[in-house]
Amino acid sequence: MIKGIKGVKDILPEDTPRWRFIEEAARRWADRYGFVEIRIPIFEVTTLFARSIGAATDIVEKEMYTFPDRDGTSLTLRPEGTAGTVRSFIEHNRGADPVPQKYFYIGPMFRHERPQAGRLRQFHQFGVEYFGTPDPKADVDVISLLWRFLSELALPDLTLEINSLGTTADRAAYLPILISFLRSRIGEFCDNCRRRIETNPLRVLDCKVPGCRAATEDAPQLVSHLSPEAKSHFDDVLSTLAVLGIPSRLNPRLVRGLDYYCLTAFEITSSHLGAQNAVGAGGRYDGLVELLGGPPTPAVGFAAGLERIAMMLPEKSVPQSLPSVYVAAFGSEGTQAGARLLDALRQAGLSAQTDYRATTLKGHLRQADRSGSRFAVLLGDDEAKSGSAVVRNMDSKAQDTVALPDLPRYFLSLIKGF
Ligand code: HAM
């Protein structure tokens, strides 16, 4: 038997209503904030991700699904959506448009991580990218969109953690201070962090290993080394969040696992998620468009993990959609009339079904019950001859006799209120 790939899950029909519910909420919230949908490719040339996410990040070092195309070009399944969106923004010269470019996307991403609850190799993100505005209010727009969306879904115990990563110059000034602090405690770090001190020292600050956490407890903090410009940007973000009543918690250890960020960085976490506790995360990336060959363009965005949202979504939030009408047709004339009736109901806009394996009234009623249909139409040879059928309310068992041509209108008024 051929099995699915480890960390790559089927979303089965019993789960899709929950997914659709989440995706519809995401689209609604994106629309309210003026973000329009972009659909970017699932795979791109590898250098796009290596250059934007950063060669020394976990994603690029060990998590990408990379393969040669037939001509030898190295391609990669997208591990996230920002790089592709920026590539598309540049390629289609969207910066020339006088209207701010605000995009959202929903779709699968791929990372070769160790699978566990809430961590998959194919997972799905809802993300937004807001181009062209350096104003801290744009950061707040992006954060509040994510916060309002997750809050509307009533996800439990959400915390917005926020930090400032400063400007490029701020980081250039801060890194030697951090590195010399980390080197002075090199014996206390895990192997990975010992290596990161040289390759990606900021990441040592958010290592989850208890020894590393203890060793960095009193590390110099980037947030206390901000230039006046970065500090005023951060203060504006924090005060605007407060004006909107969105609670935030400063987390000086928050550095993010992708290299393109500057200034604002944030994560929304939930204690209900266990080790993989980030529901969504993002930040500002003012240098990325230029780094990838476009015009200087400030930008900010986030992405939220749909699997993690689906895990936490309260069961009662998802509306049940039951099939409407079951046509129980039997006998030779009844079956023919049944085929016509199914077609007429569907063309009228109703959800109508049957089970062709059932040939008796009893068999049909059993299947009507199992399917959860609200109504069954009982249609044998006698009914077909008389031109009317019996409608049975599957809940109350009440029955009604209705002329066949009137059935679409009958159900439309009953089910859709027309
Ligand atoms: P990220 O923090 O790598 O950021 O991912 C964002 C969210 O995707 C995470 O908070 C998590 O919910 C979900 N996620 C990530 N990896 C996995 C996984 N292996 N399994 C399940 N869910 C996962 C980014 O991807 C940035 N592109 C966000 C961004 C957009 N920044 C600016 N614009």
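Below or above, wherever it landed, is the structure these notes cover. Small disclaimer: the values here were computed from a predicted structure and weren't measured. (Residues numbered from 1 in each chain as written. Predicted model: local features only at pLDDT ≥ 70, side-chain atom pairs only at ≥ 80, totals over all residues. Heavy atoms only, no water.)

**Some details on helix H13 (residues 361-371)**
Listing the buried residues of H13 in full gives Gly363, His364, Gln367 and Ala368. Projected down its long axis, H13 carries its buried residues within an arc of 135°, all on one side. Within H13, the exposed residues directed more than 90 degrees away from the buried face are Lys362, Asp369 and Arg370. Buried residues belonging to H13 abut strand S12 (325-329) and strand S14 (375-379). (Buried < 20%, exposed > 50% of the residue type's maximum accessible area, 1.4 Å probe, protein only. Helix = DSSP H or I, 4+ residues; strand = E, 2+ residues; numbered from the N terminus. Arc of directions from axis to C-beta. Contact = heavy atoms within 4.5 Å.)

**Re the pattern of salt bridges**
Close approach of charged atoms allows side chains of opposite charge to pair. Throughout the structure, instances matching the rule amount to 22 salt bridges. In this structure, Glu44 and Arg87 form a salt bridge, with 2.7 Å as the shortest nitrogen-oxygen distance. Within this pair, whereas Glu44 is found in strand S2 (residues 43-45), its partner Arg87 is found in helix H4 (residues 82-91), the two being separated by 43 residues in sequence. For Asp139, the salt bridge is made with Arg284, and the minimal N-O distance between the two is 2.6 Å. Of this pair, Asp139 sits in helix H5 (residues 136-152) while Arg284 sits in strand S10 (residues 278-284), placing them 145 residues apart in sequence. Residues Asp139 and Arg284 agree in their burial class; the two are buried. (Salt bridge = Lys/Arg side-chain N within 4 Å of Asp/Glu carboxyl O.)

**Quick notes on the side chain of Glu267**
With respect to the helices and strands, Glu267 occurs in strand S9 (residues 262-270). The exposure class of Glu267 is buried, given its relative accessible area of 16%. Of note is the side chain of Glu267, whose polar atom sits 3.5 Å from the side chain of Arg256. Beyond its immediate sequence surroundings of up to four residues, Glu267 is in contact with Thr159, Leu160, Glu161, Leu254, Arg256, Ala278, Gly280 and Ala281. (Polar contact = N/O pair within 3.5 Å; in protein donor to acceptor, adjacent residues only side chain to side chain.)

**Here's the deal with the state of the cysteines**
Under the definition given, this model contains zero disulfides. You can see Cys193 has no disulfide; the closest cysteine sulfur is in Cys207, sitting 3.6 Å from it. (Disulfide = S-S within 2.5 Å.)

**Overview of the site of the ligand**
The ligand sits among 25 residues. The nearest are Glu80, Glu113, Leu120, Glu129 and Tyr261. Between the ligand and Leu120, the relevant distance is 2.9 Å, taken from a nitrogen atom to a main-chain nitrogen or oxygen of the residue. In this structure, Gly305 approaches the ligand through a main-chain N or O atom, which is 3.2 Å from an oxygen atom. In the complex, 96% of the free accessible area of the ligand, which totals 660 Å², lies under the protein chains. Elements with a minimum of two residues in the shell around the ligand: strand S6 (122-131), S10 and strand S11 (299-305). (Near = heavy atom within 4 Å. Areas by Shrake-Rupley, 256 points an atom, 1.4 Å probe, with all protein chains shown as cover.)

**Observations concerning the packing of aromatic side chains**
Tallied over the full model, the rule gives 13 aromatic pairs. Aromatic side chains Trp29 and Tyr33 sit 6.3 Å apart centroid to centroid with 45° between the ring planes, which places their arrangement in the tilted category. Comparing Trp29 with Tyr33 shows no difference in burial state: the two are buried. Geometrically, the ring pair formed by Phe104 and Phe126 is edge-to-face, given 6.2 Å between the ring centres and 75° between the ring planes. With Phe104 in strand S5 (residues 101-110) and Phe126 in strand S6, this pair connects stretches of sequence that are 22 residues apart. Grouped by ring-pair contacts, the aromatic residues Phe89, Tyr103, Phe131, Tyr260, Tyr261 and Tyr285 constitute a single cluster. The cationic tip of Arg32 hangs over the ring face of Trp29; the distance from NZ or CZ to the ring centre is 4.3 Å. Directly above the ring of Phe35 sits Lys102, whose terminal nitrogen or CZ lies 5.1 Å from the centroid. (Phe/Tyr/Trp six-rings, centres within 6.5 Å; stacked < 30°, edge-to-face > 60°. Lys NZ or Arg CZ within 6 Å of the ring centre and 35° of its normal.)

**Looking at the pairing of S12**
Of all five residues making up S12, five are buried, and the element is well covered by its neighbours. On S12, burial covers both faces: Val325, Val327 and Ala329 on one face and Tyr326 and Ala328 on the other are all buried. As paired elements, S12 and strand S13 (residues 352-353) share two bridges and run parallel to each other. Residue Val325 lies in a different strand from S13, and its bridge partner there is Ala352. (Pairing = 2+ DSSP bridges.)

**Details of the sheet that holds strand S7 (residues 158-164)**
Strands sit in the order S1-S5-S6-S11-S10-S9-S7-S8 across an open sheet of eight strands; the sheet is mixed. Two strands in the sheet have a free side with no partner beyond their single neighbour: strand S1 (36-37) and strand S8 (248-250). In this sheet, S9 lies alongside S7 in antiparallel orientation, the contact comprising seven bridges. Bridge pairing in S9 links Leu160 to Ile268.

**With respect to the nonpolar core**
Note on soluble globular proteins: their nonpolar side chains tend to be buried together. Phe35, Phe126, Phe149, Leu150, Leu155, Phe302 and Ile309 are the most contacted members of the largest nonpolar core, which has 49 residues in total. Contacts of Phe149, omitting those with residues within four sequence positions, involve Ile22, Ala25, Ala26, Trp29, Phe126 and Ile309. If you look at the next biggest cluster of nonpolar residues, it comprises 45 residues, including Leu120, Leu178, Phe181 and Leu182. (Core = buried A, V, L, I, M, F, W, Y, C linked by side-chain atoms within 4.5 Å.)

Treat this as a map of the structure, not an account of what it does.
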